[in-house]
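Each chain, letter by letter, is given below.
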Amino acid sequence: MMPHPAGPGTQAIHAGDPAPRPNAPVVNPIVTSTTFYMDAEGRGDLLYTRYGNGPNHQVLEARLAALDGGDDALAVGSGMAAMACALLSLLQAGDHVVATDAIYGGTRALLSTELSRLGIQTTYVDLFSPEWTEALRPETRVVLGESVSNPILRVLDVATVARAAQAHGAALVIDSTFTSPLNFRPLEHGADLVMHSATKYLGGHSDVTAGVLVGSAARIGEARKRARVWGPVLDPHAAWLLERGIKTLSVRMERHNRNGAEIARWAQERLEIARVIHPSLPSHTDHETAARILDGFGAMLGIELRGGGPAATRFVRALQLAKLAPSLGGVETLVSEPRHTSHAAMTPAERAANGIPDGFVRISLGIEDAADLIADFDQALRAADAGETEREAAD
Ligand SMILES: Cc1ncc(COP(=O)(O)O)c(C=O)c1O
């Protein structure tokens with residue numbers, strides 16, 4: 001039996017597990033059957049795997065609900081599928097969405113190119129400015145934010161936004177992919193639905209694609225109805241891998257958080273770096289909010305190299321332990337330049353106005369030893385600087 005209330009480390013390992021029986025396996029087996037026997041009246045809890053309620057889904061969803069403090073959870077085949085189910089369950093033709101302008105590009109495409117075709121309009125706002133409420137319309141049904149934004153790591157005061165959304169009768173949906181439920185639980189701050197790309201920290205090993213929604217039984221019930229029909233089911237193998245990954249979420253996040261704070265402090269001292277962005281630093285715009293509402297500052301880090309785009313290119317090429325790749329939240333350290341990835345569609349001036357000038361490198365710190373990561377960043381900064389000196393000499 002799990003103690004009540006159990007801590008997140010305990011929940012990550014045990015919540016939702018079936019009661020132990022002699023000879024039953026300690027590890028939940030993967031059940032690949034696409035269908036299940038029913039009684040003569042056609043009843044049964046488990047019927048058909050596309051409904052997303054196989055044994056692996058059931059354990060996983062109970063665990064996710066416990067971790068985020070919701071009644072129920074829905075696990076589907078990707079973060080985008082989770083967001084789509086959330087929005088389709090809350091909106092219909094003629095409705096309006098107010099969304100943060102710092103939103104993940106895939107979510108922006110879902111709103112602007114897909115939901116718009118269904119007669120649902122979106123207004124993008126700066127959710128950090130109190131004037132955002134001016135965008136609310138009588139037909140606004142959803143306010144959509146991210147608890148920590150990409151890549152400049154703004155930390156949203158979810159409770160303040162939730163109060164305004166609630167006063168207007170709109171549901172607040174929070175994408176909390178960057179925090180995981182270990183660092184932040186938006187439902188405790190008044191959000192109606194929390195969404196995670198479980199492809200990131202929840203899975204944690206860059207080997208499973210999945211998405212999650214957590215909320216009240218009624219809201220998850222509505223999202224589940226959409227998932228049954230639109231069909232974005234999570235494969236049982238992936239559900240099992242995700243459940244396995246979540247077991248170590250608490251220890252991984254402890255190390256991620258430690259690496260984040262230590263490497264941010266180190267980077268601040270480097271002359272080659274003009275700006276370090278990490279919510280643990282007092283210089284971060286939202287440091288006070290972060291310190292008040294987060295349980296950990298996370299392992300996403302932004303650095304802006306003094307030498308601009310060319311220095312950033314030399315830096316990422318010189319890295320040996322950290323690797324150049326999109327995505328985040330895995331045990332391995334990955335770096336990317338937003339100007340080539342998430343923000344490639346913007347002009348350099350637009351990016352600079354959004355706090356992402358050329359020279360900006362996004363780092364998803366893994367759980368390697370901080371000393372090894374620092375040694376790698378150190379040699380890459382030196383290599384980037386030496387390249388600059390060579391270029392100046394050649395000029
Ligand atoms: C903040 C955020 N939300 C949603 C997604 C989409 O998740 P997935 O790739 O699992 O569909 C991503 C993916 O990078 C993300 O970073």
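Keep in mind the model is a prediction, meaning the values are calculated, not measured.

The rules behind the values
Residues numbered from 1 in each chain as written. Predicted model: local features only at pLDDT ≥ 70, side-chain atom pairs only at ≥ 80, totals over all residues. Heavy atoms only, no water. Domains from an automatic or database assignment. Contact = heavy atoms within 4.5 Å. Buried area = accessible area lost by both parts, 1.4 Å probe. Salt bridge = Lys/Arg side-chain N within 4 Å of Asp/Glu carboxyl O. Polar contact = N/O pair within 3.5 Å; in protein donor to acceptor, adjacent residues only side chain to side chain. Helix = DSSP H or I, 4+ residues; strand = E, 2+ residues; numbered from the N terminus. Nonpolar A, V, L, I, M, F, W, Y, C, P; charged D, E, K, R; others polar. Axes fitted to C-alpha atoms, helices over the stretch in contact; angles between N-to-C directions. Left-handed = near helix turned anticlockwise from the far one by under 90°. Near = heavy atom within 4 Å. Areas by Shrake-Rupley, 256 points an atom, 1.4 Å probe, with all protein chains shown as cover. Pairing = 2+ DSSP bridges. 1 Å grid on protein atoms, 1.4 Å probe; cavity = no way out; pocket = protein on both sides within 12 Å on 5 of 7 lines; lining within 4 Å. Points joined across faces, edges and corners; volume = space filled by probe spheres on them. Core = buried A, V, L, I, M, F, W, Y, C linked by side-chain atoms within 4.5 Å. Buried < 20%, exposed > 50% of the residue type's maximum accessible area, 1.4 Å probe, protein only. Patch = residues over 30% accessible without salt bridge, like charges linked within 9 Å, V, L, I, M, F, W, Y side chains within 5 Å. Lys, Arg positive; Asp, Glu negative; His and termini not counted. Charge placed at Lys NZ, Arg CZ, Asp CG, Glu CD. Parallel < 35°, antiparallel > 145°, perpendicular 65-115°, else oblique.

**A few points about the domain arrangement of the protein**
Annotation of the protein at the domain level lists domain 1 (8-246) and domain 2 (249-394). Using C-alpha coordinates to define each centre, domain 1 is positioned 28 Å away from domain 2. Listed per partner, the contact involves 30 residues of domain 1 and 39 residues of domain 2. Interface area lost by domain 1 to domain 2 is led by Val 155, Asn 183 and Tyr 201, which between them contribute 27%. Among the salt bridges present, the one from Arg 154 reaches Asp 286, with a minimum N-O distance of 2.6 Å. Applying the counting rule to domain 1 against domain 2 returns 17 residue pairs in polar contact (both at pLDDT 80 or more). Looking at the side of domain 1 that touches domain 2, the elements that each hand over two or more residues are helix 6 (180-183) and helix 8 (236-246). Tallying contributions element by element places helix 6 first for the side of domain 1 that touches domain 2, with four residues. Classifying every residue of the side of domain 1 that touches domain 2 by side-chain character gives 14 nonpolar, twelve polar and four charged.

**Some points on the packing of helix 2 (residues 55-68) against helix 8**
Their axes nearest at 9 Å, the elements helix 2 and helix 8 cross at an angle of 35°. Crossing of helix 2 over helix 8 shows left-handed handedness. Contacts from Asn 56, His 57, Val 59, Leu 60, Arg 63, Leu 64 and Leu 67 of helix 2 reach helix 8 at Pro 236, Ala 239, Trp 240, Leu 242, Glu 243 and Ile 246. Residue composition of the contact of helix 2 with helix 8, by class: nine nonpolar, two polar and two charged.

**Section: the site of the ligand**
Looking at the ligand, the residues that line it are Ser 78, Gly 79, Met 80, Tyr 104, Asp 175, Thr 177, Met 195, Ser 197, Thr 199, Lys 200 and Ala 210. Gly 79 places a main-chain nitrogen or oxygen 2.9 Å from an oxygen atom of the ligand. Within the side chain of Asp 175, a nitrogen or oxygen atom sits 2.6 Å from a nitrogen atom of the ligand. Compared with its free state, where it exposes 390 Å², the ligand has 89% of that area covered by protein. When contributions to the shell around the ligand are tallied by element, the ones reaching two or more residues are helix 3 (79-90) and strand 6 (193-197). By residue class, the composition of the shell around the ligand is four nonpolar, five polar and two charged.

**Overview of the sheet that holds strand 8 (residues 273-277)**
Pairing within the open sheet is mixed, and its five strands lie in the order 8-9-12-11-10. Both edges of this open sheet fall to strand 8 and strand 10 (323-324), since each of them pairs with a single strand only. Sheet strands touched by helix 9 (residues 249-268): strand 8 and strand 9 (300-305). Its angle to strand 8, the strand with the most contacts, is close to 155°. Those strands touched by helix 11 (residues 308-318) are strand 9, strand 10, strand 11 (334-336) and strand 12 (360-364), and its axis lies near 125° from that of strand 9.

**Observations concerning the layout of surface pockets**
The space that makes up the largest pocket amounts to roughly 770 Å³. If you go around the largest pocket, you meet 28 residues; those closest to its centre are His 14, Asp 17, Pro 18, Ala 19 and Pro 20. Elements represented by at least two residues in the lining of the largest pocket include exactly helix 1 (8-14) and helix 2. Broken down by class, the residue content of the lining of the largest pocket amounts to 18 nonpolar, six polar and four charged.

**Observations regarding the sheet that holds strand 7 (residues 211-215)**
A sheet is described by the order of its strands in space; here seven strands give the open sequence 1-7-6-5-4-2-3, paired in mixed fashion. What marks the edges here is a single partner per strand, and that holds for strand 1 (72-76) and strand 3 (121-125). Recorded for the sheet is a direction-independent mean angle of 20° between the axes of neighbouring strands. Sheet analysis places strand 6 next to strand 7, joined by five bridges and oriented antiparallel. Following the sheet pairing, His 196 is matched in strand 7 by Val 212. Where helix 5 (residues 158-168) meets the sheet, its contacts fall on strand 4 (140-146) and strand 5 (171-175), and the angle it forms with strand 5 comes to roughly 150°. Those strands touched by helix 7 (residues 217-230) are strand 1, strand 5, strand 6 and strand 7, and its axis lies near 25° from that of strand 1.

**Describing the nonpolar core**
Soluble, globular proteins show a tendency: their nonpolar side chains are buried together. In terms of nonpolar packing, the biggest core is built from 82 residues, with Val 143, Leu 172, Ile 303, Phe 315 and Phe 377 touching the most fellow members. Among the elements that line this core, the one with the most residues is helix 13 (residues 370-394), at seven residues. Counting contributing residues per domain, this core is built from domain 1 (8-246) and domain 2 (249-394), each supplying no fewer than three.

**Overview of a negative patch on the surface**
Together, Asp 101, Asp 126, Glu 131 and Glu 134 line one region of the surface with negative charge. If you trace the backbone, Asp 101 turns up in the loop between strand 2 (96-100) and helix 4 (105-114). When its relative accessible area of 39% is taken as the criterion, Asp 101 is described as partly exposed.

**Side note on the packing of helix 3 against helix 7**
Relative to each other, helix 3 and helix 7 sit at 110°, their axes nearing to 8 Å. Relative to helix 7, helix 3 is oriented roughly perpendicular. The crossing of helix 3 and helix 7 is right-handed. Mapping the contact onto sequence places Cys 85, Leu 88, Ser 89 and Leu 90 in helix 3 and Arg 219, Glu 222, Ala 223, Arg 226, Ala 227 and Trp 230 in helix 7. Its residues placed into classes, the contact of helix 3 with helix 7 shows six nonpolar, one polar and three charged.

**A few points about the pattern of salt bridges**
What the rule picks out here adds up to 24 salt bridges. Arg 226 is the partner of Glu 222 in a salt bridge, and the nearest nitrogen-oxygen pair spans 3.1 Å. With a gap of four residues between them, Glu 222 and Arg 226 both fall in helix 7, about one helical turn apart. Overall, Arg 226 belongs to the partly exposed group, its relative accessible area being 24%. Between Arg 270 and Asp 378 there is a salt bridge; the shortest N-O distance is 2.5 Å. With Arg 270 in the loop between helix 9 and strand 8 and Asp 378 in helix 13, this residue pair connects regions lying 108 residues apart in the sequence. Grouping residues by exposure puts Arg 270 and Asp 378 together as buried.

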